Amino acid sequence: MKNREIATIFESLADILEIKGENAFRVNAYHRVSRIIGDLPTDVADLVESGEITEIAGIGAGTAGQLAEYLETGRITRYEEAKKSIPKGLIELLSVPGLGPKTIGLVWNDLNVKSLAGLKRALRGGKILDLPGMGKKKVENIQKGISAYESRSGRLTLGAILPTAEEIVEYLKETTGVSDVSLAGSTRRYRETIGDIDVLAFSRKPAAVIEAFTGMPGVKEVLAAGTTKASVRVSGAMQVDLRVVPPDSAGAALMYFTGSKDHNVRLRGLAQEKGLKLNEYGLFKGDRRVAGKTEEAVFRRLGLPFIPPELREDRGEVEAALEGELPDLVEREDIRGDLHVHSNWSDGYATIEEVARAAKAQGHQYVSINDHTRSLGIAHGLSIERIEKQLKEIAKVNKKIKGITVLSGTEVDILSDGRLDFPDKLLARLDVVVASVHSGFAQSSDRITGRIVSAMENPHVDIIGHPTGRLLGTREPYAVDLERVMEVAAETGTALEINAYYERLDLNGVNVRRAVELGATIAIGTDSHHIDQLWMMDLGVHTARRGWLTKKSLLNTLTKSALLKRLGRK
DNA sequence: GCCGTTTTCGGCCCGACTGTTTTCAGTCG
């Protein structure tokens, strides 16, 4: 599947055209094309071949032609020509905070700057000060931007920053004159990675809030501070943006600040069609505000039901809302158990009894123990003898602790030749069999897909664990043909996992949605190795919601007896 | 470049902050 590589090409093309000062709307159109193709769960080649590609809003005849050219020849003439017209090193400069296409174009044309190194030389030489519109402060800002760019860690995982984000919210709530504080941006949409933390405060005394915010403990640098918004950098190079609006505008501001940007553009377009104007202060007809206090009111006035934040990615949610076809999303309260937890019998830290008590505290009715199997020596994988002992221990814990059931399970290794690490006879006796790939990551797509498919064809395998194997920011997915896996999952009645561990979130939302479209069922497991990780069920549920998941497609919403019946039926 | 029960041409979301400007351009989200 070439979706990612094609998306990258259109992104570069947009960047090049932007630096060259092309029409901003055309640049935007290319950015949009890049995002759409990067998000596609299906192979773009199939859509081009069938001609369906132009049915997607934002992709027209021009793009379709370029896609066809790429699939046929491996190149896009428009891109090749654009690439030749500009030094390669300039594109990187767009990632320097504070440096935009206009400035880059200026230093390129007037000072012959061709790269980051060239820009640094120009800064040292002082020549840059002679450029029009360039002053001492601007030069300083560019220098700061370069340092920030060179030291930045990129996007961080949602699970890693949520605790910090929630601390900041709690801190600001204590400020006098603040009626409420909310997280916004990609954090509120529960994107798996976060570029910066967006915080929204409601107050009629913004100055006091800005002051409290910029003076917060942990603030390393104040990037900007105005009368209603401010940006700071906290430890770990993480940027936090605060916006303060009056309580009357809370709903409109939440919408504006939650995004996504593309979703907002759609809503504003919709407002425009109705002769209205939408901004962060409200929905306006002329100078009169017709909605703004709550998100529900703004949506209603636009003729829409409430769209949950997880759906606000411009992936068809506005259209679905207009048609009255938004899904009834699964909620945390619908979850009755965790279907993938490790104990200290393999590489976890808690005893089975501790897991049971902690899972009960999470409100679960059942929790499944899925330790590793013998071939995974590094994780103390269980031998057949040890899992026999573990089954006895689980029975003992179930007798001892009331109000929760510990299900017996395993995370059985899918060996590099496709066999499973435990014999069928043993698997048949376990309640919840998760099968996962932990080796042979570099295998060809055919081989690795074949392994997973043969695991799904085993009647005792209930769930495929972390189906793509990706680790956010550190490991790319293996070359699995997900579409095929989803189809076989549907055929065989094998569930696909949302591994809710914060560095995995695998499947992600886009893939969950596609899997369910193809008829597959989903199971959420936290893959906890410590009882302090069981909370990540929240991340799993929000990921499910990002995948438009309803209650009926999720195993974890079944009662214990319904679950066991369902798993036994395969 | 995309799009159209107001349009196949002429639109395309909107505002805050900063710095270099005497009224605005660039950047960002």
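Residues numbered from 1 in each chain as written. Chains lettered and ligands numbered in written order. Predicted model: local features only at pLDDT ≥ 70, side-chain atom pairs only at ≥ 80, totals over all residues. Heavy atoms only, no water.

> Would you explain the overall build of chain A in this entry?
If you tally the helices and strands in chain A, you get 24 helices and 17 strands. Relative to the 2.2 N^0.38 estimate, which gives 25 Å for 570 residues, the radius of gyration of chain A is 26 Å and therefore close to what a compact globule would have. Within chain A, buried positions represent 52% of all 570 residues. Within chain A, residue pairs in contact and separated by at least 24 positions form 67% of the contacts whose partners lie at least 6 positions apart. Counting 78 positive and 78 negative side-chain charges, chain A places the averaged centre of each group 3 Å from the other. (Helix = DSSP H or I, 4+ residues; strand = E, 2+ residues; numbered from the N terminus. Rg over C-alpha atoms; globule rule 2.2 N^0.38 Å. Buried < 20%, exposed > 50% of the residue type's maximum accessible area, 1.4 Å probe, protein only. Contact = heavy atoms within 4.5 Å. Lys, Arg positive; Asp, Glu negative; His and termini not counted. Charge placed at Lys NZ, Arg CZ, Asp CG, Glu CD.)

> What is the right way to read the packing of helix α21 (residues 482–492) against helix α22 (residues 509–517) from this model?
Working note: a packed helix pair is described by the angle between its axes plus the distance between those axes. Direction vectors running N to C along α21 and α22 enclose 45 degrees, while the axes themselves pass 9 Å from each other. When the interaxial angle is binned, α21 and α22 end up oblique. Regarding α21 and α22, the two cross each other, and that crossing is right-handed. Taken together, the residues of α22 that come into contact with α21 (itself represented by Leu482, Glu483 and Met486) are Asn511, Arg514 and Ala515. Partitioning the contact of α21 with α22 into residue classes produces 3 nonpolar, 1 polar and 2 charged. (Axes fitted to C-alpha atoms, helices over the stretch in contact; angles between N-to-C directions. Parallel < 35°, antiparallel > 145°, perpendicular 65-115°, else oblique. Left-handed = near helix turned anticlockwise from the far one by under 90°. Nonpolar A, V, L, I, M, F, W, Y, C, P; charged D, E, K, R; others polar.)

> Would you explain the sheet that holds strand β2 (residues 178–184) in this entry?
The strands making up a sheet associate through backbone hydrogen bonding, with each pair oriented either parallel or antiparallel. Reading across from one edge, β2-β4-β7-β6-β5 is the order of the 5 strands in this open sheet, with mixed pairing throughout. A single partner strand is all that each edge strand has here, and the edge strands are β2 and β5 (219–225). When strand polarity is set aside, the average angle formed by the axes of neighbouring strands in this sheet is 20 degrees. Bridge count for β5 against strand β6 (residues 229–234) is 5 bridges, and the pairing is antiparallel. When the bridges of β6 are listed, Ala224 appears paired with Ser231. (Pairing = 2+ DSSP bridges.)

> Got a minute to help me understand the domain arrangement of chain A in this structure?
How large an interface is tends to be reported as the accessible area lost when its parts come together. Here chain A is described as being made up of domain 1 (2–152), domain 2 (156–245), domain 3 (255–322) and domain 4 (332–569). Relative placement of domain 2 and domain 3: their C-alpha centres are 23 Å apart. Listed by partner, the interface residues are 12 residues for domain 2 and 12 residues for domain 3. Approximately 1,000 Å² of surface area, both sides summed, lies buried where domain 2 meets domain 3, with 51% of it carried by carbon and sulfur atoms. A per-residue breakdown of the area domain 2 buries against domain 3 is headed by Arg188, Arg189 and Arg243, which together make up 65% of the total. Where domain 2 meets domain 3, there are 3 salt bridges. (Domains from an automatic or database assignment. Buried area = accessible area lost by both parts, 1.4 Å probe. Salt bridge = Lys/Arg side-chain N within 4 Å of Asp/Glu carboxyl O.)

> Would you mind showing me how to read the pairing of strand β13 (residues 405–413) here?
Within a regular strand, side chains alternate between the sheet's two faces. With 9 of its 9 residues buried, β13 lies for the most part within the structure. Neither face of β13 is left uncovered, since the one carrying Thr405, Leu407, Gly409, Glu411 and Asp413 and the one carrying Val406, Ser408, Thr410 and Val412 both have all their residues buried. The pairing of strand β12 (residues 366–369) with β13 spans 4 bridges and is classified as parallel. Looking across to β13, one finds that Ser368 is bridged to Leu407. Pairing geometry for β13 and strand β14 (residues 432–436), over 5 bridges, is parallel. Bridge assignment links Glu411 to a residue of β14, and that residue is Val434.

> Would you explain the side chain of Asn508 in this entry?
Tracing the chain through its elements places Asn508 in the loop between β16 (495–499) and α22. Only 3.3 Å separates the side chain of Asn508 from the backbone nitrogen of Val510, close enough to count as a polar contact. Non-local contacts of Asn508, meaning those with residues more than four positions away in its chain, are made with Glu192, Arg470 and Thr543. (Polar contact = N/O pair within 3.5 Å; in protein donor to acceptor, adjacent residues only side chain to side chain.)

> So what exactly am I meant to see when it comes to empty space enclosed by the protein here?
Over the atoms, a rolling probe the size of a water molecule traces out where space has been left empty. Following the criterion strictly, the structure yields 2 cavities of 30 Å³ or more and no others. Taken together, Ala252, Met255, Tyr256, Asn264, Arg268, Leu278 and Asn279 form the lining of the largest cavity. Mapped by element, the contributors of at least two residues to the lining of the largest cavity are α13 (250–258), α14 (261–273) and β8 (277–279). A per-element tally of the lining of the largest cavity places α13 first, with 3 residues. Taken as a whole, the second largest cavity encloses approximately 30 Å³ of empty space. Lining the second largest cavity, in full, are Tyr190, Arg191, Glu192, Gly509, Thr543 and Arg546. Per-class residue counts for the lining of the second largest cavity are 1 nonpolar, 2 polar and 3 charged. Summarising the domain contributions, the lining of the second largest cavity has at least three residues from each of domain 2 (156–245) and domain 4 (332–569). (1 Å grid on protein atoms, 1.4 Å probe; cavity = no way out; pocket = protein on both sides within 12 Å on 5 of 7 lines; lining within 4 Å. Points joined across faces, edges and corners; volume = space filled by probe spheres on them.)

> How do you make sense of the layout of surface pockets when you look at a structure like this?
Considered as a void within the structure, the second largest pocket measures approximately 740 Å³ in volume. Lining of the second largest pocket is provided by 22 residues; of these, Leu40, Ile56, Arg315, Gly316 and Arg513 occupy positions nearest its centre. Broken down by secondary-structure element, the contributors of at least two residues to the lining of the second largest pocket are α2 (24–39), α16 (317–322) and α22.

> In this structure, what is going on with the nonpolar core? I would like to understand it.
When a protein is soluble and globular, its nonpolar side chains tend to lie buried together. Counting residues in each nonpolar core, the largest one holds 59 residues, and the members touching the most others are Ile452, Ile464, Leu496, Ile522 and Ile524. When neighbours within four sequence positions are excluded, Ile522 is seen to be in contact with Ala495, Leu496, Ile498, Leu507, Val512, Ala515, Val516, Leu549, Ser553, Leu554, Leu555 and Asn556. Core analysis: the second largest hydrophobic core is formed by 45 residues, Tyr30, Trp108, Ile128 and Met134 among them. (Core = buried A, V, L, I, M, F, W, Y, C linked by side-chain atoms within 4.5 Å.)

> It is not clear to me how the sheet that holds strand β9 (residues 282–285) should be interpreted in this structure. Could you clarify?
Within the open sheet, the 3 strands sit side by side as β8-β9-β10. Their pairing is antiparallel. Edge strands, defined here as strands with exactly one partner in the open sheet, are β8 and β10 (288–291). Ignoring which end each strand starts from, the neighbouring axes of this sheet average 40 degrees apart. In this sheet, β9 lies alongside β8 in antiparallel orientation, the contact comprising 3 bridges. When the sheet's bridge partners are listed, Asn279 is paired in β9 with Gly282.

> What am I meant to see in the pattern of salt bridges here?
Opposite charge on two side chains permits pairing when their charged atoms draw close. Going through the model one piece at a time under the given rule, you end up with 33 salt bridges. Of the charged contacts in the structure, one is a salt bridge between Arg315 and Asp39, with a shortest N-O distance of 3.0 Å. Of this pair, Arg315 sits in the loop between α15 (295–301) and α16 while Asp39 sits in helix α2; the two residues are 276 residues apart in sequence, bridging distant segments of the chain. With relative accessibility at 24%, the residue Arg315 sits in the partly exposed group. Across the salt bridge formed by Arg545 and Glu310, the nearest N and O atoms sit 2.7 Å from each other. Of this pair, Arg545 sits in helix α23 (residues 537–546) while Glu310 sits in the loop between α15 and α16, placing them 235 residues apart in sequence. The two residues Arg545 and Glu310 agree in class, both being buried.

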